[in-house]
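# Structural overview
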Amino acid sequence: MKRILLFIATNLAVVAVLGVVLNIIFSVLGIDRGSIGGLLVFCAVFGFGGATISLFMSKWMAKRAYGVQVITQPRNEMEHWLMTTVARQAQQAGIGMPEVGVYNSPDMNAFATGARRDDSLVAVSSGLMYSMSRDEAEAVLAHEVSHIANGDMVTLTLIQGVVNTFVMFFARIVANIISSFLSRGDEEGGGLGGLAYFGVVIVLEMVFGILASIIVMWFSRQREYRADEGSARLVGKEKMIAALERLRRGPETELEGSLAAFGINGKRHSELFMSHPPIEKRIQSLRELR
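Description of the structure in this document. (Residues numbered from 1 in each chain as written. Predicted model: local features only at pLDDT ≥ 70, side-chain atom pairs only at ≥ 80, totals over all residues. Heavy atoms only, no water.)

### As for the sheet that holds strand E3 (residues 110-116)
Spatial ordering of the open sheet is given by E1-E2-E4-E3, a layout of four strands whose pairing is mixed. Across the chains shown, the open sheet's two edge strands, defined by having one partner strand only, are strand E1 (69-70) and E3. In terms of strand pairing, strand E2 (residues 99-103) meets strand E4 (residues 119-125) through five bridges, oriented parallel. If you follow Val100 over to E4, its bridge partner there is Val122. (Pairing = 2+ DSSP bridges. Helix = DSSP H or I, 4+ residues; strand = E, 2+ residues; numbered from the N terminus.)

See below:
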């Protein structure tokens, strides 16, 4: 419930901010709101704006949604090991020291988030720390550090922004075409109006969104392969293979929302819609790594 309320409150705030930005853009540039250009600007502001604001708020939201306890002064041997391991890997990868945190969950998972390479967060679940060996946990941390070094959060945000923009744009274009077709020859000016038009737009956004998610998930899977390779170069591919083997034997788990794409583990369903490749393919890719 806490995560749901946080999600709703955040999205309402984002919509309010983007509404103000949109009004400023229309006023300054003098763009006709009813034109194709005006529609494209509207979709771009909400498509890119929502994704970008979510990126900049990602650390704040992740900490609160998952109750991440950021380590400032290590209180025990495990926290000390986490801090020193991430510090070493960050130096090897050429990024600033991320914040390091632990969240309470029986699932074996971890994630990285943040808008900048030098201002990021690496968080691991308590379940992962107590279920994996130190070598396996080290490989998972290296995987998350590699996500940060590769700039995956920013790249995925840009792709999501482009996808959001065109989903919104084409849904409205197609809805207008349908409305024009229905009103053709109708002297009373039929077609789609009010709630009917809004309902068609929502349905089309859902359909186009499902199709567009195939593109986003494809990129997400390629990014996972690169992060696995990054981990292999930082700590050795055998450690990363061992970590994946451990995940394969464990239950299916997945983080919620945008963080799902940046966890070490993901649910195993239709590959077209998976943010992570099947673990078997990830292991095979690492075995073939030179």
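Read on for the rest.
### Here's the deal with the side chain of Ser125
When you line up the elements, Ser125 lands in strand E4. Setting aside chain neighbours within four positions, we find Ser125 in contact with Val102, Tyr103, Ser105, Asp107, Met108 and Asn109. (Contact = heavy atoms within 4.5 Å.)

### A few points about helix H8 (residues 195-235)
The end-to-end C-alpha distance of H8 is 56 Å, a good match for the 60 Å that 41 residues give at a rise of 1.5 Å each. Along H8, the largest kink reaches about 25 degrees and is centred on Leu211. Backbone geometry just downstream of H8 places Gly236 in the positive-phi region, at approximately 105 degrees. (Expected span 1.5 Å × (residues − 1). Bend = angle between axes of the 7 residues up to and from the residue.)

### Observations regarding the pairing of E2
Here E2 lies mainly inside the structure; four of its five residues are buried. Alignment of E1 against E2, held across two bridges, turns out to be antiparallel. Opposite Gln69, over in E2, you have Val102 as the bridge partner. (Buried < 20%, exposed > 50% of the residue type's maximum accessible area, 1.4 Å probe, protein only.)

### Quick word on the nonpolar core
Leu82, Leu128 and Met129 are the most contacted members of the largest nonpolar core, which totals 39 residues. Here this core takes seven residues from helix H6 (residues 134-149), the largest share from any one element. Setting aside residues no more than four positions away along its own chain, Met129 makes contact with Met78, Trp81, Leu82, Val124 and Ala137. Of all hydrophobic cores here, the second largest spans eight residues; its members include Ala62, Ala65, Tyr66 and Val68. (Core = buried A, V, L, I, M, F, W, Y, C linked by side-chain atoms within 4.5 Å.)

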